[in-house]
Amino acid sequence: MSADVCVIVPTIREYECVRSYVANADRHGFDTDRLEFVLVTEDHCPTDEMEAMLDELGVAGEVFDGSRRETWLADQGVGDYDHLIPARSHAQTSFGLLYLWAHDHPYGVFIDDDTRPHEDVDFFGTHLRNLTETRTVESVRSDENWVNVLYHTADEHGLYPRGYPYAAMDETVETGERAVDDVIASQGLWTNVPDLDAVRILMDGDLQGQAETRLTADDFGPDFVTEPGQYLTVCSMNLGFKREVVPAFYQLPMDDNEWSVGRFDDIWSGVFLKRAADVLGKDIVTGDPLCRHDKAPRSTFDDLHNEVAGLELNEHLWTLVDDVGGDAETYAGVFAAMADALVDAEADYRNGDFLAYVGEHMHDWLDCLDELQPAERAIPADD
């Protein structure tokens with residue numbers, strides 16, 4: 001079987017995480033020939049060792065540092081769009097989306113290198129089943145139009161994930177059930193270190209960028225979808241998705257910008273994806289497969305410094321796109337309407353001009369996809 005799942009791993013440290021995910025696939029009988037890994041890294045990182053690891057594991061894949069990304073973009077006829085991939089930023093995962101698009105993979109999976117799969121869970125198989133099966137799941141909404149993805153036991157731990165607007169806290173949650181038959185993204189959640197922003201980490205009493213509160217599998221309930229018109233935080237550390245979403249799933253020009261706005265790449269792209277899903281009648285399923293998040297200690301105040309420039313914008317971004325693109329019939333159409341809304345926004349917020357900058361890059365993203373040339377896939381080395 002040829003590779004139909006593009007596994008995108010941004011990494012500068014723990015690239016060996018790939019071994020755990022390949023081992024998980026083997027353990028659960030998921031055909032590793034279906035996987036092609038794209039490791040997105042930096043020029044100073046050990047790319048030779050990364051490539052050797054992929055060869056040793058016998059899986060298809062390529063390693064792209066900054067220089068190789070520039071060459072690949074030029075070879076595919078889109079070198080003029082290299083500004084879409086920010087330097088030294090987690091948002092370089094956008095390069096993986098371009099690679100997926102050029103290679104015509106029907107599915108993608110984002111994995112962060114500080115995660116590991118749960119041994120008893122079929123990681124890739126669960127994501128693929130979430131994306132392809134028709135089933136009945138829990139449906140959730142709140143009176144604040146935002147759903148806390150940790151809501152099942154929120155009354156016990158009191159946590160809200162990174163990117164959840166502060167103004168939407170203390171919400172009243174309503175749940176029901178409904179059938180889903182067109183799921184375009186499968187968001188797996190995380191045990192051990194929760195994905196919190198720096199302010200919430202400080203409130204939880206931790207100075208090392210992690211959290212005093214830790215999560216176990218018992219903190220999570222059944223898989224769920226958020227109702228149309230409702231938003232949720234989308235974290236890309238454990239996320240499966242269909243190729244069709246790529247036009248509306250750009251990870252944005254974070255960190256490498258004059259306003260120093262960062263750390264909201266997957267959060268804001270998740271807002272855009274949810275709006276597109278609502279317009280087009282699609283769903284995002286959240287829950288399994290769980291992964292273990294082993295976030296390395298680092299200064300909480302460094303994270304705060306990186307996040308504070310965008311905190312006010314994050315409170316308002318969703319309101320700017322919530323009523324646009326309703327008559328669009330494609331992901332690109334909804335995304336273009338949201339881009340226009342940001343370019344035209346009268347954003348009287350701290351660093352408000354960044355929103356127009358994002359909107360312009362969103363339009364460039366759509367142009368880049370239109371011009372991107374098909375590419376040939378890498379073949380794993382023989383044993």
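Scroll up for the structure.
From a predicted model like this one, the values you see are computed outputs, not experimental measurements. (Residues numbered from 1 in each chain as written. Predicted model: local features only at pLDDT ≥ 70, side-chain atom pairs only at ≥ 80, totals over all residues. Heavy atoms only, no water.)

J.: What is the right way to read the nonpolar core from this model?
T.: Most often, soluble globular proteins keep nonpolar side chains buried together rather than apart. F37, F124, W268 and F272 are the most contacted members of the largest nonpolar core, which totals 124 residues. Not counting residues up to four positions away in its chain, the partners in contact with W268 are L252, M254, G310, L313, N314, L317, F354, L355 and V358. (Core = buried A, V, L, I, M, F, W, Y, C linked by side-chain atoms within 4.5 Å. Buried < 20%, exposed > 50% of the residue type's maximum accessible area, 1.4 Å probe, protein only. Contact = heavy atoms within 4.5 Å.)

J.: Which parts of the structure should I look at to understand the packing of helix α3 (residues 66–75) against helix α4 (residues 93–103)?
T.: Packed helix pairs are characterised by how far apart their axes lie and by the angle those axes make with each other. At a closest axis distance of 12 Å, the pairing of α3 and α4 adopts a crossing angle of 35 degrees. Regarding α3 and α4, the two cross each other, and that crossing is left-handed. On α4, the residues touching R69, W72 and L73 of α3 are F95, L98, Y99, A102 and H103. Tallied by class, residues from the contact of α3 with α4 come to 6 nonpolar, 1 polar and 1 charged. (Axes fitted to C-alpha atoms, helices over the stretch in contact; angles between N-to-C directions. Helix = DSSP H or I, 4+ residues; strand = E, 2+ residues; numbered from the N terminus. Left-handed = near helix turned anticlockwise from the far one by under 90°. Nonpolar A, V, L, I, M, F, W, Y, C, P; charged D, E, K, R; others polar.)

J.: Please explain the side chain of S94 as it appears in this structure.
T.: In this structure, S94 sits in helix α4. Judged by its relative accessible area of 0%, S94 is buried. For S94, the side chain forms a polar contact with the main-chain nitrogen of Q251, separated by 2.9 Å. Among residues more than four places away in sequence, those in contact with S94 are I85, Y250, Q251, L252 and W365. (Polar contact = N/O pair within 3.5 Å; in protein donor to acceptor, adjacent residues only side chain to side chain.)

J.: Which parts of the structure should I look at to understand the environment of M237?
T.: Here M237 is to be found in the loop between β11 (231–232) and β12 (238–242). Sequence separation of M237 and V199 is 38 residues, and the distance between their C-alpha atoms is 20 Å. If we skip the residues at most four places from it in the chain, M237 touches F110, I111, D112, T115, W190, D195 and H293.

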